[in-house]
Amino acid sequence: MDEKQAKPRRPLWFWLFVGLGVVVLIFGLGAPRALSNASEEEVTYDVFLTALEEGKVQEVELKSGTLYYTLKEAAQPAPTAAPQLNFGFRTLAGSGRKTTVYTVTAMDDPDLVNRLHAAGVTFSENPGTGNMLLLVLIQYAVPILFYVAIFSFLFRRMGKLGAGGGLMGGLGKSNARSIEGGEVKTTFADVAGQDEAKESLQEIVSYLHNPQEYTEIGARMPRGALLIGPPGTGKTLMARAVAGEAGVPFLSISGPEFVELFVGMGASKVRDLFKEAREKAPCIVFIDEIDAIGKKRDGFGGNDEREQTLNQLLSEMDGFEGNSGVVVLAATNRPESLDKALLRPGRFDRRVPVELPDQGGREAILRIHCNRIKTEGEIDLAAIARITPGASGADLANVINEAALCAVRSGRHAVTQKDLEDSVDVALAGKQRKSMVISQREKEIIAYHEVGHALVAAKQKGASPVHKITIIPRTSGALGFTMQADEDERFLMDKQEAFAKIVTLTGGRAAEELCFDSVTTGASNDIEQATSIARAMITRYGMSESFGMTAFEQMVNPYLGNDTTMNCSQETAARIDREVIALIDKAYDQAKTILKDNRSKLDEIAHVLIARETITGQEFMDILNAPVALPVSPEAKPE
Ligand code: NHX
Ligand code: ZN
C-alpha cells in the first residue's frame, strides 16, 4: 500500500538490457569499419618477404602482432570469381577496385623497418589502443562482473536480503517498512471483537498523544507491549491501529528478517531500526513473530547469531530513556518459548492477549468486512457467527471474500445470505465437487452415514442441534457432512455433553453397520475425532472413573494446533488406552441403540437426503417430528 521500501529493486530485465548494451558497445566499437571491396588472405612470412624483395608491396601496417599488407596494383592477382567472405578488417589506404589485404603473423625481425623503408613502402604501426582497452574489458571486467552478479543474486536469495536491495545495499539496513505519521489509516474502528485488547493499548495511544501528562506526574510508560494470540486474530492490525489512533509513524519488521546469513548482521539491523525509530519519535516499532529472535537462550552454545540479535534488542530497549516516545509492540503465538529477559519490566512488560473472537466478536468482525461489499436481501450475520465457532478474524474475512467471489461467479452483483452460508461450507470442507460421479449404493451409504450422525445428535440430551446435512462431495475429500450449531456460545462442556459428542461421531458408522451390515473406510475422520475427545476426557479433564483428577497430558502450545505431551508411566498409558477403547465402545453401542429405535425415521430421512442432496436442520427436525409417513415397521416406535 503506502509503505516505502528502503531502496527500489531493479527488475531483472533492467540488468539484461544493461548487459546487452555493454556487449553491443564492445563489439560495436571493436569492429572496424569494413572496406566493402577488400578481401583477406593469410600468407606465411616467407611469402611476404619475397613480395617485399620483389618490390611488389605497396603498404604495410602492423597491428597487435599481425602485419597487414597490400600489393601494388600491377602485382595484384586477377580477381577471383568467388570473392572470399569479407571479415572487414581495418582498412588500408583504399583503392577503387578490389584489393586483397594479406595478413601475416609478424616475426621478430628487427631489420624489417630498414628494409621496408629501402623498398619505399608506406608503413605504419597501429597501436589499436581503443580496441585493446575494450579487449581488456572483455577479458577481465566482464567475467568479474558476471561472477559478482551471480554471487549477489545467490546471497540475496540465501540471506533474504532482497527486501533491502541485495548484498550491496542491504548490509546494516534494518529493512523496516515504515509508514509515516498520519498515513496510517487503520484505527480501532477497524478492529472488532477485541475490546479488552483495545482497552490495554488505549493507554499507549493516549501517552503518544500527550506525553507531558505522564512525565509531569513521573510515570514511566511501558516501553513495549507483547500481543499474544493464535494466528489470524489481528495482532498486526491491532498494532497498526495503535499507530493510526495516535497519528504517529509505524515502523514494522518481522522477526525472521533479523536472522541473516552473516553473523552480527541481525544485531546491526536492530541497531539501525532503533536509530531510525529515535529519529522519527514519537513512533511505534512493531516486531512481528518476535519468537524468531526472542527464543529462550539455552546454555548449550545455541545459535550465536540469534542471541546476539536478542541481546542487541534487549540493550536497545533498555537504552532509550523512559519517555523517548518510542513504543515497541511485538506479536507472537508462542509466548511460552520467549526468553524471560524479554518479559522483564522495562521491556515487554505488558502482555496483551488477542484471543479468538466469541460469537458477538465474530458478528462484529463480519459486519466490518461486510461493509466493504455489496449485499442484497436480508443478511443475518449473527447466523453466520453461530456456525463459525473457533474462526479467527482472518478466517471470517476470507468467508466474506469467498461469498463475494461466489456471487461474481454466478453473475450477480451483490452477495446474498446463501452465498455467505455456502462460503462457510467451503471454509470447512472445501468447494463442491459436482463432477464426481457416485454410484447409487454409495450414495445410500453416504446418506445413511450422515443421517446416522444427525439422528443420534437429535435423540440425545446434551448434543448440539443439527444445522445442516449434505451429501454433496467436497474438494477436501469429504463425501458429505453433518453440521451442528449451538444457539448460544458455549464456554464449558460437561461430561455428558462430551460423551454425547462421541456418541454423535460414532452415529455415522453405526448407521452403516446397521443398514448395510458392512463398514467403510469413510468414518476415519469421525474415529479420529471421537478418540481425541475420549482421550482428552480421561487424560486432561478428569472425567474418567478410575483415574479421577490426574493430568497425564499437557498441551504443548495453546495457540498452535492441539499437540500434547504424554506424561505418565507405561502401565498408565496402557490403562488409558483400555479406558479410551471402553468409552468409545459404550458410545457406539448407544448410537446403535438410538438408530435401531428410530430405524423408520432413519430410512425416511436418508431417502429425502438422497433426493435433495442437502437438507437444513429445520427440514430435518420437521420430518423427524412429523407423524410416521412410511409403513411402520414392527419395532419402530412412533414419536
Ligand atoms: C476417501 N473420502 O478418502 C473418500 C473419498 C463416510 C460418507 N477414500 O464422516 O467423507 O472417506 O460425517 C473434513 C471432514 C476427508 C474433511 C471430514 C476429508 C473426511 C465424512 C474422508 C463421510 N461425515 N470421509 C464424515 C467422509 C472419505 C474425509 C474430510 C473429512 C463418508 C466422511 C472421507
Ligand atoms: Zn461421519
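Computed from a predicted model, the values in this text were never measured in an experiment.

Asks: What's the story with the overall build of the protein in this structure? I'm lost.
Replies: Counting secondary structure elements, the protein contains 21 helices and 16 strands. Of all 639 residues assigned to the protein, the portion counted as buried reaches 43%. Within the protein, contacts between residues at least 6 apart in sequence are counted, and of these 76% link residues at least 24 apart. Within the structure as shown, the protein displays about 33,900 Å² of accessible surface, and the carbon and sulfur contribution to it stands at 56%.

Asks: Help me understand the sheet that holds strand S12 (residues 466-470), please; the structure alone is not making it clear to me.
Replies: The strands that make up a sheet pair up through hydrogen bonds in the backbone, lying either parallel or antiparallel. An order of S13-S12-S16 is seen for the three strands of this open sheet, with the pairing classed as antiparallel. Each edge of the open sheet is held by one strand with a lone partner, namely strand S13 (481-484) and strand S16 (614-616). Across this sheet, the average inter-strand angle for adjacent strands is 10°, counted without regard to direction. Two strands pair when backbone bridges link them, and S12 and S13 are joined in this way by four bridges, in the antiparallel orientation. Note on S13: the bridge partner recorded for Ile469 is Thr482. Taken strand by strand, helix H20 (residues 599-612) contacts S12 and S16, and its axis lies near 120° from that of S16. Set on the sheet, helix H21 (residues 617-625) makes contact with S12 and S16; between it and S16 the angle comes to about 80°.

Asks: Would you explain the environment of Leu366 in this entry?
Replies: Relative to the elements of secondary structure, Leu366 occurs in helix H12 (residues 359-370). You can call Leu366 buried: its relative accessible area is 0%. In sequence terms Leu366 and Leu396 are 30 residues apart; their C-alpha atoms lie 6.3 Å from each other. Once residues lying within four places of it in the same chain are set aside, the contact partners of Leu366 are Leu381, Ile384, Ala385, Leu396 and Ile400.

Asks: For this particular structure, what's the right way to read the coordination of the zinc ion (ligand 2)?
Replies: Tetrahedral coordination by four donors puts the ideal angle at the metal at 109.5 degrees, and octahedral coordination by six puts it at 90 or 180 degrees. For the zinc ion (ligand 2), the full set of protein donor atoms is His449 (NE2), His453 (NE2) and Asp526 (OD), and the range of their distances to it is 2.0 to 2.1 Å. When the donor residues of the zinc ion (ligand 2) are listed from N- to C-terminus, their spacing reads H-x3-H-x72-D. Of the two residues, His449 and His453 both sit in helix H16 (residues 440-458), four residues apart, roughly one turn of that helix. Just as His449 is buried, His453 falls in that class too.

Asks: Hey, could you run me through the site of ligand 1 in this one?
Replies: With respect to spatial proximity, the complete set of residues near ligand 1 consists of Ile446, His449, Glu450, His453, Ser476, Gly477, Ala478, Leu479, Gly480, Gly522, Asn525 and Asp526. A distance of 2.9 Å separates an oxygen atom of ligand 1 from a polar atom in the side chain of His453. Gly522 places a main-chain nitrogen or oxygen 3.1 Å from a nitrogen atom of ligand 1. Across the complex, the protein chains shield 70% of the 690 Å² of accessible surface that ligand 1 would expose by itself. When residues of the shell around ligand 1 are traced back to their parent elements, those giving at least two are H16 and helix H18 (524-539). The leading source of residues in the shell around ligand 1 is H16, at four residues. By residue class, the composition of the shell around ligand 1 is three nonpolar, seven polar and two charged.

Asks: Which parts of the structure should I look at to understand the pattern of salt bridges?
Replies: When the charged atoms of two side chains with opposite charge come close together, those side chains can pair. Applying the stated rule across the entire model yields 25 salt bridges. Between Arg367 and Glu363 there is a salt bridge, with the nearest N and O atoms lying 3.6 Å from each other. Highlighted residues: Arg367 and Glu363, both in helix H12, separated by four residues, approximately one helical turn. For Arg367, a relative accessible area of 40% translates into the label partly exposed.

Asks: Got a minute to help me understand the nonpolar core in this structure?
Replies: Taken as a class, soluble globular proteins show a tendency for nonpolar side chains to be buried jointly. Ranked by internal contacts, the top residues of the largest apolar core, which has 49 residues, are Ile502, Leu602, Ile605 and Phe620. At the level of elements, H16, S12, helix H17 (495-516), H18, helix H19 (570-597), H20 and H21 are the ones that each hand at least two residues to this core. Those residues in contact with Leu602 that lie beyond four places of it in its chain are Tyr448, Val451, Gly452, Leu455, Ala511, Cys515 and Leu595.

Asks: Is there a simple way to think about helix H14 (residues 393-409) in this case?
Replies: Because an α-helix completes one turn every 3.6 residues, residues spaced three or four positions apart along the sequence face the same direction. Over its 17 residues, H14 runs 24 Å from end to end, which matches the ideal 24 Å to within 8%, given 1.5 Å per residue. When we look at burial in H14, the residues that qualify are Gly393, Leu396, Val399, Ile400, Glu402, Ala403, Ala404 and Ala407. Looking at the buried side of H14, the elements it contacts are H12 and helix H15 (417-429). Immediately beyond the C-terminal end of H14, within one or two residues, lies Gly411, with a positive phi of roughly 75°.

Asks: Would you take a moment to explain a nonpolar patch on the surface for this structure?
Replies: A cluster of nonpolar side chains, Phe146, Tyr147, Ile150, Phe151, Phe153 and Leu154, forms an exposed patch at the surface whose accessible area comes to about 620 Å². Locating Ile150 in the fold gives a position in helix H4 (residues 129-159). Classification of Ile150 by relative accessible area gives partly exposed; the value is 35%.

Cut-off values and rules
- Residues numbered from 1 in each chain as written.
- Chains lettered and ligands numbered in written order.
- Predicted model: local features only at pLDDT ≥ 70, side-chain atom pairs only at ≥ 80, totals over all residues.
- Heavy atoms only, no water.
- Helix = DSSP H or I, 4+ residues; strand = E, 2+ residues; numbered from the N terminus.
- Buried < 20%, exposed > 50% of the residue type's maximum accessible area, 1.4 Å probe, protein only.
- Contact = heavy atoms within 4.5 Å.
- Areas by Shrake-Rupley, 256 points an atom, 1.4 Å probe, with all protein chains shown as cover.
- Pairing = 2+ DSSP bridges.
- Axes fitted to C-alpha atoms, helices over the stretch in contact; angles between N-to-C directions.
- Donors = N, O, S within 2.8 Å, 3.2 Å for Na, K, Ca; no water.
- Near = heavy atom within 4 Å.
- Polar contact = N/O pair within 3.5 Å; in protein donor to acceptor, adjacent residues only side chain to side chain.
- Nonpolar A, V, L, I, M, F, W, Y, C, P; charged D, E, K, R; others polar.
- Salt bridge = Lys/Arg side-chain N within 4 Å of Asp/Glu carboxyl O.
- Core = buried A, V, L, I, M, F, W, Y, C linked by side-chain atoms within 4.5 Å.
- Expected span 1.5 Å × (residues − 1).
- Patch = residues over 30% accessible without salt bridge, like charges linked within 9 Å, V, L, I, M, F, W, Y side chains within 5 Å.

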